[in-house]
Amino acid sequence: MSTFEIHRSETDSGGRYSVSLDGHVAEMTYSRAGESIIIIDHTGVPQALGGRGIGQALVKRAVDDARAEGRRIVPLCPYAKAQIEKHPEWQDVLR
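Here's a quick rundown of the structure. (Residues numbered from 1 in each chain as written. Predicted model: local features only at pLDDT ≥ 70, side-chain atom pairs only at ≥ 80, totals over all residues. Heavy atoms only, no water.)

## Concerning the overall build of the protein
Move 1: Along its length, the protein carries 2 helices and 5 strands.
Move 2: Put simply, the protein runs from its N terminus to its C terminus through helices and strands in the order β-β-β-β-α-β-α.
Move 3: Relative to its length of 95 residues, the protein is compact, with a C-alpha radius of gyration of 13 Å against a globular reference of 12 Å.
Move 4: In the protein, which comprises 95 residues, the share counted as buried stands at 39%.
Move 5: Intrachain contacts of the protein at a sequence separation of at least 6 include 42% that bridge at least 24 residues.
Move 6: Here the protein displays about 5,300 Å² of accessible surface, and carbon together with sulfur accounts for 48% of that area. (Helix = DSSP H or I, 4+ residues; strand = E, 2+ residues; numbered from the N terminus. Rg over C-alpha atoms; globule rule 2.2 N^0.38 Å. Buried < 20%, exposed > 50% of the residue type's maximum accessible area, 1.4 Å probe, protein only. Contact = heavy atoms within 4.5 Å. Areas by Shrake-Rupley, 256 points an atom, 1.4 Å probe, with all protein chains shown as cover.)

What follows is the structure, given as structure tokens:
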């Protein structure tokens, strides 16, 4: 398994988690609905980075940050929704 660092950037209206690795960028984006809700709307992992657990790590990071910041998540992105459904221990942050 590769080691990678997840970067986060955020504005008043949304944010992005990303991983840059081997010349490729994987990302997960979200919109903000007020101060306490984020709506995950997209997760994209290039085929070259597939199978390394990056997509799952992006979702987990959003879950961990939501807990730490007292936020709730609405997973509109099918991938993020599926990952949260597979991990009951992450579901406490669902709205």
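## Considerations on helix α2 (residues 78–86)
Move 1: Turning to α2, its buried residues number three or more, namely A80, Q83 and I84. Seen along its axis, α2 keeps its buried residues to an arc of 95°; they face one direction. Of the residues in α2, the exposed ones pointing more than 90 degrees away from the buried face are P78, E85 and K86.
Move 2: In this structure, the buried residues of α2 make contact with β4 (37–44), α1 (54–69) and β5 (72–75). (Arc of directions from axis to C-beta.)

Scope: geometric values only; no functional claims are made or implied.
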